Every structure is written in structure tokens, then in C-alpha cells.
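The primary structure of each chain is shown beneath.
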Amino acid sequence: MNELLKAVVDADDAPIVICDTEHRIVYMNPTAKKRYEKRGGEKLIGQSIFDCHNAHSREVILSVVDKLKASPDLNKVYTYTKNWDGEDSDVYMVALRNGNGAFIGYYEKHESRIHETDR
């Protein structure tokens, strides 16, 4: 991964798990490694995303990936709202595309619903 792009992903406070078109986890930012530590953390890299999801989640992932593949202009799909474990966020799946617009992978994006305050 390009050093600058890696720095952007690693700086994000939200967990980012990047998967290829075969649903293999190819990268996890530090937040994701920590968040999913009980499921294996960094050891999940190289494994199928389905190894750590239930049947319903698998169906959702496959359905969204099919939509992203079929529609080159569609790059972000809402999947659910997370309101537990101290988190209040909307969760999306985001398409990763090459320079020609071809689908090359995806990741899950958490967008916080908690308003930031001046620090």
C-alpha cells in the first residue's frame, strides 16, 4: 500500500478492514486490529471476511458487493446503524476501484453519529 494512503487509513479513528474481490482481508488499520482483537485481530489478515461473520452478515456483504460490482457509479452503501458498545455510528460498505473504475475490493466505513466538540 502506498505510504501516504496507508497513513490516511491508519490515522482514522474508525476501524477499517479492507477486503479484495475474493473477500480476503488484505489490510486492517490499527483501530480495527484493536477492535477485533477478540476475533483474532491482526491474525485475521489473509483470512476470509466470512470467517468472522454470521450467516446474515454474509448475505448482506454478498448482496452489497453484487450491487457495487454492477453499478460503477455506486461507491457507498448504507448497511446498518451501530448503537452498542459505546458506539453510535452509521455503517457503510465502500467500493474500491482502480483507475478504470473496475471493482477491486471494498471496506466497511463507520461514520460517527456523535457530534464532535472543541478540544
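None of these values were measured; they are calculated from a predicted model.

S.K.: Please explain the nonpolar core as it appears in this structure.
M.R.: Nonpolar side chains in soluble globular proteins generally cluster together in the buried interior. Core analysis: the biggest nonpolar cluster contains 19 residues, and Val17, Ile25, Met28, Ile49, Ile61 and Tyr106 have the highest contact counts within it. Mapped by element, the contributors of at least two residues to this core are strand E1 (17–20), strand E2 (25–28), helix H3 (55–70), strand E4 (89–97) and strand E5 (103–112). It is H3 that contributes the most residues to this core, four residues altogether. Here Met28 is in contact with Ile16, Val17, Lys33, Tyr36, Gly41, Glu42, Leu44 and Ile45, once residues within four sequence places are set aside. Membership of the second largest hydrophobic core comes to six residues, among which are Ile16, Ile18, Val94 and Tyr107.

S.K.: Sorry if this is basic, but what is going on with the environment of His53 here?
M.R.: Tracing the backbone shows His53 in the loop between helix H2 (30–35) and H3. C-alpha separation for the pair His53 and Ile114, spaced 61 residues apart in sequence, amounts to 26 Å. In terms of polar contacts, His53 uses its side chain to reach the backbone carbonyl oxygen of Ile49, at 2.8 Å.

S.K.: Any chance you could explain unusual backbone geometry here in plain terms?
M.R.: Most peptide bonds are trans, and most residues other than glycine sit at a negative phi. A positive phi is found at His23, a non-glycine position, where the angle reads about 70°. Mapped onto the secondary structure, His23 falls in the loop between E1 and E2. Taking relative accessible area as the criterion, His23 reaches 10% and is therefore assigned buried.

S.K.: It is not clear to me how the pairing of E2 should be interpreted in this structure. Could you clarify?
M.R.: In the case of a regular strand, side chains alternate between the two sheet surfaces. Both E1 and E2 contribute to a ladder of three bridges, which runs antiparallel. Bridge assignment links Ile18 to a residue of E2, and that residue is Tyr27. Count of turn residues in the E1/E2 antiparallel hairpin: four residues, of which His23 carries a positive phi of about 70°.

S.K.: Looking at this structure, how should I read the pattern of salt bridges?
M.R.: As a working rule, side chains carrying opposite charge can pair if their charged atoms are close by. One pass over the full model with this rule turns up four salt bridges. Put simply, Asp20 and Arg24 hold a salt bridge, and the shortest N to O gap is 2.9 Å. Given a relative accessible area of 13%, Asp20 falls into the buried group. For Glu111, the salt bridge identified is with Lys76, shortest N-O distance 2.6 Å. Of this pair, Glu111 sits in strand E5 while Lys76 sits in strand E3 (residues 76–82); the two residues are 35 residues apart in sequence, bridging distant segments of the chain. For Lys76, a relative accessible area of 40% translates into the label partly exposed.

Procedures and definitions
Residues numbered from 1 in each chain as written. Predicted model: local features only at pLDDT ≥ 70, side-chain atom pairs only at ≥ 80, totals over all residues. Heavy atoms only, no water. Core = buried A, V, L, I, M, F, W, Y, C linked by side-chain atoms within 4.5 Å. Buried < 20%, exposed > 50% of the residue type's maximum accessible area, 1.4 Å probe, protein only. Helix = DSSP H or I, 4+ residues; strand = E, 2+ residues; numbered from the N terminus. Contact = heavy atoms within 4.5 Å. Polar contact = N/O pair within 3.5 Å; in protein donor to acceptor, adjacent residues only side chain to side chain. Pairing = 2+ DSSP bridges. Salt bridge = Lys/Arg side-chain N within 4 Å of Asp/Glu carboxyl O.

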